[in-house]
Amino acid sequence: YEIYLNGMTGAVPRLPTDLTRLAELTEQRLGSGPVGYVAGGAGDGSTDRANRAALDRLRIVPRVLRDVHARDLSVHVLGRTLPAPVALAPIGVLSILHPEAEGAAARAAAARGVPYIHSSAASTPIEQVAEALGDAERWFQLYWSKDREVTRSFLTRARDTGFTVLFVTLDTPLLAWRPRDLDQAYLPFLRGVGTANYFTDPAFQAGLARPVHEDPDAAVMHFIGLFSDPSNTWPDLAFLRENWDGPIVLKGVLHPDDARAAADAGMDGVVVSNHGGRQVAGAIGAADALPAVVDAVGDRLDILFDSGVRSGADIAKVLALGARAVLIGRPYAYGLALDGQAGVDHVIRCLLAELDLTLALSGHATPATFTAADLRREGDR
Ligand code: FNR
């Protein structure tokens, strides 16, 4: 009610509460380069559109006269209880958008009890983000480097700084065909801001002929060369298990057979995701892929979800389909670009408030009772 009450005194929020407007405002503020990096999708953008279409086709059938005065958004996921079924997705090189970058996103998330997933491609080193997170959950995302020593070093640094949950992103063995990045020559951004998480890594530095500050271009080329390993297959997951004690979640799973393979390999969860439509053009909308994955492994793995979520109602829909928690991508990146930590906080508050209202107005006091039976897919009877 805070926003409504503020309205009585004429105090309007600094950013719009319709989060779909943030991209356009960011473009007005920062120009098309940074927005191209965030908004861009693979190929013709059809996967991004499929993500939206899949969510839009799902319609909630609200129920009435149910006691919803006392409500609780908390959920149990990956062995911990979260205050709400929401986390911030890993996003690399946030310093393209704001000088406080990942630190500001981490502080905003920590203040709301929402886990922030730190990207291995971040512009802020793990150690600094760990400090920004304070007592909050520390979740780390790995791009599985061609150089095993770099991967091992990342895992060691993450463990030593208190990170507990590992997300391994599998849909990016190669960077995709992304016209907006290609057309604006993305590399200058990387050179300008660096991927400091790599540049400060001892194993990464050991692979350079000259120190990063003496030859930053060579460091960027080295980063691109070892970024991700397209030769990995399922047995390689054993390497990660040997080097990580906590839960491991595979990010970027869309096929139920891959979800089964994840469970068979002893993983703890999957994120049903198409990387926000940034990898395979023409891919299935993530919300269309979710039900088959839930059927396949819902009783063996924690299933998380991302790609295309822009509102509390979207979050409610994917929870109903069986996801335990939802990762938010672009909206918080735009919030950061527009207003730093306060902008990320705005996005989190809007999403949680709308999720709470959507569930309550649909007749549910907790996410647990809201299920696929409360949805219809448009076109189905
Ligand atoms: C990403 N994503 C991503 N994922 C990951 O595992 N590591 C990373 O470093 C990045 N970097 C990244 C940068 C940018 C600019 C975007 C938009 C996305 C993917 C991200 O974690 C998530 O899967 C999507 O953003 C979810 O889709 P929406 O919410 O953006 O539609």
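Residues numbered from 1 in each chain as written. Predicted model: local features only at pLDDT ≥ 70, side-chain atom pairs only at ≥ 80, totals over all residues. Heavy atoms only, no water.

For the pair helix H2 (residues 22–30) and helix H17 (residues 330–361), interaxial distance at closest approach is 8 Å and the crossing angle is 100°. When the interaxial angle is binned, H2 and H17 end up roughly perpendicular. In this structure, H2 uses Leu 22, Ala 23, Leu 25, Thr 26, Arg 29 and Leu 30 to contact H17, whose residues at the interface are Pro 331, Tyr 334, Gly 335, Ala 337, Leu 338 and Val 347. Looking at the contact of H2 with H17 residue by residue, the classes come out as 9 nonpolar, 2 polar and 1 charged. (Axes fitted to C-alpha atoms, helices over the stretch in contact; angles between N-to-C directions. Helix = DSSP H or I, 4+ residues; strand = E, 2+ residues; numbered from the N terminus. Parallel < 35°, antiparallel > 145°, perpendicular 65-115°, else oblique. Contact = heavy atoms within 4.5 Å. Nonpolar A, V, L, I, M, F, W, Y, C, P; charged D, E, K, R; others polar.)

Bringing the packing of aromatic side chains into the picture now. Across all of its chains, the model carries 9 aromatic pairs by this definition. Residues Phe 140 and Phe 163 carry aromatic rings whose centres are separated by 6.1 Å and whose planes lie at 70° to one another, so their mutual orientation is edge-to-face. Note that Phe 140 is positioned in strand S6 (residues 138–142) and Phe 163 in the loop between helix H7 (148–160) and strand S7 (165–169), a separation of 23 residues in sequence. For the pair shown, Phe 140 and Phe 163 are each scored as buried. Pairing Phe 223 with Phe 227 gives two aromatic rings, centres 5.7 Å apart and planes at 70°, and the pair type is edge-to-face. An identical accessibility class is assigned to Phe 223 and Phe 227; each is buried. Here the aromatic cluster, defined as three or more aromatic residues joined through ring pairs, consists of Phe 140, Tyr 143, Phe 154, Phe 163, Tyr 198, Phe 199, Phe 204, Phe 223 and Phe 227. The lysine or arginine in question, Arg 278, covers the ring of Tyr 37, its NZ or CZ lying 5.7 Å from the ring centre. (Phe/Tyr/Trp six-rings, centres within 6.5 Å; stacked < 30°, edge-to-face > 60°. Buried < 20%, exposed > 50% of the residue type's maximum accessible area, 1.4 Å probe, protein only. Lys NZ or Arg CZ within 6 Å of the ring centre and 35° of its normal.)

A word on the site of the ligand. The environment of the ligand is made up of 21 residues, and the closest members are Pro 90, Ser 119, Thr 169, Asp 306 and Arg 310. Separating a nitrogen atom of the ligand from a side-chain N or O atom of His 275 is a distance of 3.2 Å. In isolation the ligand exposes 600 Å². Once the protein is present, 98% of that is buried. Its residues assigned to classes, the shell around the ligand shows 6 nonpolar, 10 polar and 5 charged. (Near = heavy atom within 4 Å. Polar contact = N/O pair within 3.5 Å; in protein donor to acceptor, adjacent residues only side chain to side chain. Areas by Shrake-Rupley, 256 points an atom, 1.4 Å probe, with all protein chains shown as cover.)

Our focus in this paragraph is the UniProt feature "binding site: glyoxylate" (unreviewed entry) in the protein. Per the UniProt entry, the sites bearing "binding site: glyoxylate" (unreviewed entry) are Tyr 37, Tyr 143, Arg 178, Lys 251, His 275 and Arg 278 in this numbering. Residue position: Arg 178 is located in the loop between S7 and helix H8 (179–183). As for its position among the elements, Arg 278 is in the loop between strand S9 (269–272) and helix H15 (286–297). At a separation of 2.8 Å, a polar atom in the side chain of Arg 278 contacts the main-chain carbonyl oxygen of Val 38. (UniProt positions renumbered as here; feature names shortened; annotations may be inferred.)

Glancing now at the pairing of strand S8 (residues 248–253). For S8, a buried count of 6 out of 6 residues is recorded, marking the element as mostly surrounded by other parts of the structure. Alignment of S7 against S8, held across 4 bridges, turns out to be parallel. Following the sheet pairing, Leu 166 is matched in S8 by Ile 248. As paired strands, S8 and S9 are joined by 4 bridges and run parallel to one another. Pairing of Leu 250 across the sheet is with Val 270, part of S9. A crossover connection joins S8 to the parallel S9 through helix H14 (residues 256–264); in handedness this β-α-β unit is right-handed. (Pairing = 2+ DSSP bridges. Right-handed = clockwise from strand over helix to strand, strands pointing away.)

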